[in-house]
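Here's the letter readout for the chains.
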Amino acid sequence: MERQRVMERGEKAGVSSSSNGGGEVDVVVEMMDVIEAVGLYVGYRRTQRKECLNLVRRLKLLLPLLEEIKEIGNYKVVPSEGLKTSLDNFKKALLGAKKLLKKCSCGSKIYLAMESEAVMSSFHAVYEKLNQALDDLPYDELGISVEVKEQVELTRMQLKRAKKRSDTQDIELAMDMMVVFSKKDDRNADNAILERLAIKLELHAVPDLKAEEVAVRKLVKERGVQNAESIQQIKDLLGKFKQIAGVDEAVVLDGPFSSKSLQRCRSLLIPHEFLCPITLEIMVDPVIVATGQTYERESIQKWLNSNHRTCPKTGQTLGHLSLASNFALRNLIQEWCEKNNYELHKKDACLGSDGISAELKEEISSLVQNLSSSEFEVRREAIKKIRMLAKENPDNRILIANYGGIPPLVRLLSYQDPNIQEHTVTALLNLSIDETNKILVAREGAIPAIVEILQHGTNEARENSAAALFSLSMLDENKVLIGASNGIRPLVHLLENGTIRGKKDAATALFNLSLNQTNKSRAIKAGIIPALLHLLEEKNLGMIDEALSIFLLLASHPEGRNEIGKLSFIKTLVDIMRNGTPKNKECALSVLLQLGLHNSSIILAALQYGVYEHLVELTKSGTNRAQRKASSILQHMSKYGHIP
């Protein structure tokens, strides 16, 4: 209750008027309430979590200042107009910070990830306003002590450093989202990207998905997204996340907020303590975990089988994985159901306590054994079946690994039969979607064998080898291992000579691998830059965004800048800014800015090709991100006197 009262006071601070006394709310107390309320926000979105926590910490450092102002009370005794204005500006800056933090605590996770650069700009604006407000305070008139002044100065220095910090966007996340939004073909690797995105955005549990839909609907209703294409992208991605979580329900963004599906309406009538926190459905077999929380047995068992070792509701690490039946709650649920004529969903008698049928377990166990069969056909059919099972759902991937399927599959990568190799590398690709399996596949020594198939296998085997390397390279240690296993050169070769699908698989793998600094050098030596230039010139391939994203990574490496910063490439960038799609233009601007910050002659070269008029146009009509990048380049030009 106390937490709720503090947050309510913090909310009211935004609409109260400040005064020097009487019956009206004290402006300093209002500001203290705002900081206290901000300190109670939880659930910051992963994409902005670090920035939010840093801002909250800095705001709390201002509490001693406000406490001293309140205690001395000089601002209440006929304050000057200047003092009133300073305190009002300070309050506005704090409210701006609170509004941003609330957005990052309650807003759409997908939208905040898509607009991470814009949100970062909002943080910088908040830092600027706070810094200015602190600078304008008349400390002598307020009677502030030397110690508090020193603490305020420390806070101001932190705010200045934070504002100067370069873009902290998660480039891996940005690439994943770009791939999901741009790809037209339905490939195995797409499932890996989607599942990874769902986990990274914390949108893999049913309650999180339901909360996200509410947040997106609120965003649309408040016109938080002006671009119809962006709304559709958010809706489509949320729909895919729901499919992964097994929620067969369309995403509806219009209509009143109170409208729910029939099933959801019924669940609202059920006492909330009867609902499983994971599925939000009434529990049939409630069990208690180590933290004391209760879940439906099947749901929590699936959570634990996915290698989670935390309580979904509290986030606490589980001291043990034992599940104790909650007989008291089960009896209460049964009594309530009888009284209200509510028919409980009966659990399939064929399913085990973990929700997986004994028949499936037996089938997978048998298939794993058949991987070592002396009969060629038995072995081949086992690989094909495991490949399909691993593609179908997360539980199958875990089961196959638990029954020991990964070591024999890795050994079969070296089997001298193209068909066997193709099915095996694809099976390992599908298994590697699971994070734990990525470790197991690499630990068994699969990477050198996958690289060998990438060099000499069939077209489909080479493509799926590239996709497998992309999936495995999600782990930093595997990025290093793939680079050391000479995996980059054959990926560059596939990027140059593969089918469109092969080129896309190679591009995503090379992007991920190039997040490692040593691999950037390897990729440059392997000839990646000419291959990327070809992708930019062959517009019918539809890979301009992918190519420019890799260029952006390489531009952070000295060798890369030397190779990229040639006149022909600069001309190509300017052409893309003139004729490309909005996303193309964003990416081209990012690369030009990165190059220009290290070499002003590149900006001069761009000016020779007529970039200035395009930059001015993009500051007016480009996307939000394009406008920011174009403005930054123009400022850079102005700094060095390059403006025509």
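Only a predicted model underlies this, so the values are computations on that prediction, with no experimental measurement involved.

### Description of the packing of aromatic side chains
What the rule picks out here adds up to four aromatic pairs. Taking the centre distance of 6.3 Å and the plane angle of 45° together, the rings of F123 and Y127 count as tilted. Of the two residues, F123 and Y127 are both situated in helix 7 (residues 116–136); the distance of four residues between them amounts to about one turn of the helix. The same class applies to F123 as to Y127, namely buried. Over the ring of Y127 we find R58, and its NZ or CZ is 5.7 Å from the ring centre.

### Examining the sheet that holds strand 3 (residues 324–325)
Strand order in the open sheet formed by three strands is 2-1-3, with antiparallel pairing between adjacent strands. Of all the strands in the sheet, the pair left with one neighbour each is strand 2 (294–296) and strand 3. Inspection of the sheet shows strand 1 (residues 286–288) paired to strand 3 by two bridges, in the antiparallel sense. Each bridged residue has a counterpart across the sheet, and for V287 the counterpart in strand 3 is S325.

### Details of the environment of Q421
Along the chain, Q421 falls in helix 21 (residues 418–431). Judged by relative accessible area, which is 14%, Q421 ranks as buried. Expressed as a C-alpha distance, the spacing of Q421 and R462, which sit 41 residues apart in the sequence, is 9.9 Å. Apart from the residues within four sequence positions on either side, Q421 is in contact with L413, S414, Y415, Q416 and I453. Looking at Q421, its side chain comes within polar contact range of the main-chain oxygen of L413, at 3.5 Å.

### Focus: unusual backbone geometry
In the Ramachandran plot, E202 falls in the positive-phi region, its phi being about 60° despite a non-glycine side chain. Residue placement: E202 occurs in the loop between helix 11 (188–200) and helix 12 (206–221). Look at E202 and you get partly exposed, because its relative accessible area is 24%. In the Ramachandran plot, N486 falls in the positive-phi region, its phi being about 60° despite a non-glycine side chain. As for its placement among the helices and strands, N486 is situated in the loop between helix 25 (476–484) and helix 26 (488–497).

The rules behind each value
- Residues numbered from 1 in each chain as written.
- Predicted model: local features only at pLDDT ≥ 70, side-chain atom pairs only at ≥ 80, totals over all residues.
- Heavy atoms only, no water.
- Phe/Tyr/Trp six-rings, centres within 6.5 Å; stacked < 30°, edge-to-face > 60°.
- Helix = DSSP H or I, 4+ residues; strand = E, 2+ residues; numbered from the N terminus.
- Buried < 20%, exposed > 50% of the residue type's maximum accessible area, 1.4 Å probe, protein only.
- Lys NZ or Arg CZ within 6 Å of the ring centre and 35° of its normal.
- Pairing = 2+ DSSP bridges.
- Contact = heavy atoms within 4.5 Å.
- Polar contact = N/O pair within 3.5 Å; in protein donor to acceptor, adjacent residues only side chain to side chain.

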